[in-house]
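What follows is the residue order along each chain.
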Amino acid sequence: MLDIRLIRENPDVVRQGLEKRQADAEVVDSVIALDERRREILGEVEKLKAERNTVSKEIGRMKNAESRQEKINEMRAVGDQIKDLDDDLRGVDAELTSIMATLPNIPSDATPYGVDESENVVLKTVGEIPQFDFDPQPHWDMGPALGIIDFERGVKITGSRFYVLSGAGARLQRALIAFMLDLHIKQGYTEKYTPFMVKTATVYGAGQLPKFVGNLYKDHEEDLYLVPTAEVPLTGYHMDEIFEEGDLPKYYTAYTPCFRREKMSAGRDVRGIKRGHQFDKVEMYMYVKPEESDAAFEKMMADAEEVVAMLGLPYRILQLCTGDLGFGATITYDIEVWSAGCNEWLEVSSVSNVTDFQARRANIRYRPEDSKKNRFLHTLNGSGTALPRIMIAIMENYQQEDGSIIIPEVLRPWMGGIEVIAAE
RNA sequence: GGAGGGAUGGCCGAGUGGACGAAGGCGCCUGUCUUGAAAACAGGUAAGGGUGUCCCCCUUCGAGGGUUCGAAUCCCUCUCCCUCCGCCA
């Protein structure tokens, strides 16, 4: 959610921000009109309420029955007016917030302008793209051949875009999760195990609603959503709370499965495990003071980078342009790893500074030491990292001619010492 | 799933139609006293909003509706928590 004051006082900043994102900037005008109307009604209704409050107190003290009744009648009329105005106000308010809820965050000045993902900027590329003296296979061939990914069983028990990991494949994923969580703990994050189902207010607070209803799974009977990312419960974790300044920053990491309907990507990436309706992810999340969020962003980025670096995967870092930024983000870096079999860069992490956008929606503030006024804090989120795609990169980049896979050294402690995954 | 009880400020806890944004206590802050601290005493101590800026107004006593001139207090709906029974990993 944007600050209504920003829109009121600097509408051009907001318009330009929306335009940079290739979003419709005209809504700003309706927001301003509604805001004006709202404050107009508010002024009127508050004046009437003030009158009613003072007169009602007088009535309580009045002895003379006649003049007392007269005042009561007067106030009854005032009460009717208040009721009408309150109804108007409710209507205007609802309309205003429903529009506000659909406005994305304003891009940071540090985010380069661009129309769409084709204009994202490669900041750096690290590691050598592996060369093979044989034809490297894609994971969707390797997985079934090694008996570690079972696509047919996944489809049988659930449907398309579901798969079963088996034996060393399942264990590899579990090793990666443990490796990442342990690394993030060392980097200063506190591990959280959160609910995988959340209520509407929680999804709204993280900014996934109302805009992304179509991508969420929902239990309509209980009115609960399956989390599309750990970012959602980690935002909700401190919803409606006020921190003391000294309690910040808070760094959290959490493993969760993520559930996404992928309605927008129907027919895309249907092969392999690149885009499933259910995938696992380890997430990093930060609550920080506004003046610290730029530095926090750099830290989180470095922390995510360490994951892929330690795994020895060739990767590159992309800075998203304004046209490709996520809904709540002001600035985002993506990490992509190379996959030798699919022959493409795979996005495994996305680190964003959301500034006060989620904090405002979820009502998360802190009390500055030198001020009475509570302020919204800043939140950041980043994957550290998404499991299936990391699995793809490991399988494809560490493959050998006989179809076996070498396990990266750093994972072996969690693999029971297994060094190679080979066909039985 | 069945039966009952509850939700008030940072915490405990009073309050069943008017002087209650809310007694009292704890905690915290400031001042007096003190070389300093403690104690004692005095004062202060919620959030949000407003074409208000040290003065005021509005809203908020789990949430949302309603009754009333006036609601923490009465009515309705919902949520959450606790106790007992049943079921269960």
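Residues numbered from 1 in each chain as written. Chains lettered and ligands numbered in written order. Predicted model: local features only at pLDDT ≥ 70, side-chain atom pairs only at ≥ 80, totals over all residues. Heavy atoms only, no water.

With nine of nine residues buried, strand S16 (residues 378–386) lies mostly within the body of the structure. As paired elements, strand S10 (residues 278–288) and S16 share seven bridges and run antiparallel to each other. Each bridged residue has a counterpart across the sheet, and for Met284 the counterpart in S16 is Gly382. (Buried < 20%, exposed > 50% of the residue type's maximum accessible area, 1.4 Å probe, protein only. Helix = DSSP H or I, 4+ residues; strand = E, 2+ residues; numbered from the N terminus. Pairing = 2+ DSSP bridges.)

So, on to the packing of aromatic side chains. Scanning all chains against the criterion turns up 13 aromatic pairs. Ring centres 6.4 Å apart and planes at 65° place the aromatic pair Phe151 and Tyr163 in the edge-to-face group. Of this pair, Phe151 sits in helix H6 (residues 151–157) while Tyr163 sits in the loop between H6 and strand S3 (164–165), placing them 12 residues apart in sequence. Owing to a relative accessible area of 19%, Tyr163 belongs among the buried residues under this scheme. Here the aromatic cluster, defined as three or more aromatic residues joined through ring pairs, consists of Tyr237, Phe243, Tyr252, Tyr285 and Tyr287. (Phe/Tyr/Trp six-rings, centres within 6.5 Å; stacked < 30°, edge-to-face > 60°.)

Around RNA strand B, the surrounding shell holds 23 residues, and the nearest of these are Asn53, Ser56, Arg76, Arg90 and Arg365. When atoms of RNA strand B within 4 Å of the protein are split into backbone and base, the sugar-phosphate part holds 72%. Taking Asn53, its side chain carries an N or O atom lying 2.8 Å from a phosphate oxygen of RNA strand B. (Near = heavy atom within 4 Å. Polar contact = N/O pair within 3.5 Å; in protein donor to acceptor, adjacent residues only side chain to side chain.)

Looking now at the sheet that holds strand S8 (residues 242–244). In spatial order, the strands read S8-S14-S15; together these three strands make up an open sheet with mixed pairing. Looking at the sheet topology across the chains shown, the edges are occupied by S8 and strand S15 (375–376). Both S8 and strand S14 (residues 365–367) contribute to a ladder of three bridges, which runs parallel. Residue Glu244 lies in a different strand from S14, and its bridge partner there is Arg367.

Given 3.6 residues per helical turn, the α-helix brings residues three or four places apart onto the same face. With 11 of its 11 residues buried, helix H12 (residues 387–397) lies for the most part within the structure. Regarding H12, the residues found buried are Leu387, Pro388, Arg389, Ile390, Met391, Ile392, Ala393, Ile394, Met395, Glu396 and Asn397.

Below, the discussion takes up the environment of Ser349. Residue position: Ser349 is located in strand S13 (residues 344–355). Assessed through its relative accessible area of 1%, Ser349 is described here as buried. Put simply, Ser349 and Ser383 are 34 residues apart on the chain and 4.7 Å apart in space, counted from C-alpha to C-alpha. If sequence neighbours within four positions are ignored, Ser349 has contacts with Ala304, Tyr333, Asp334, Ile335, Ser383 and Thr385. At 2.6 Å, the side chain of Ser349 forms a polar contact with the backbone oxygen of Ser383. (Contact = heavy atoms within 4.5 Å.)

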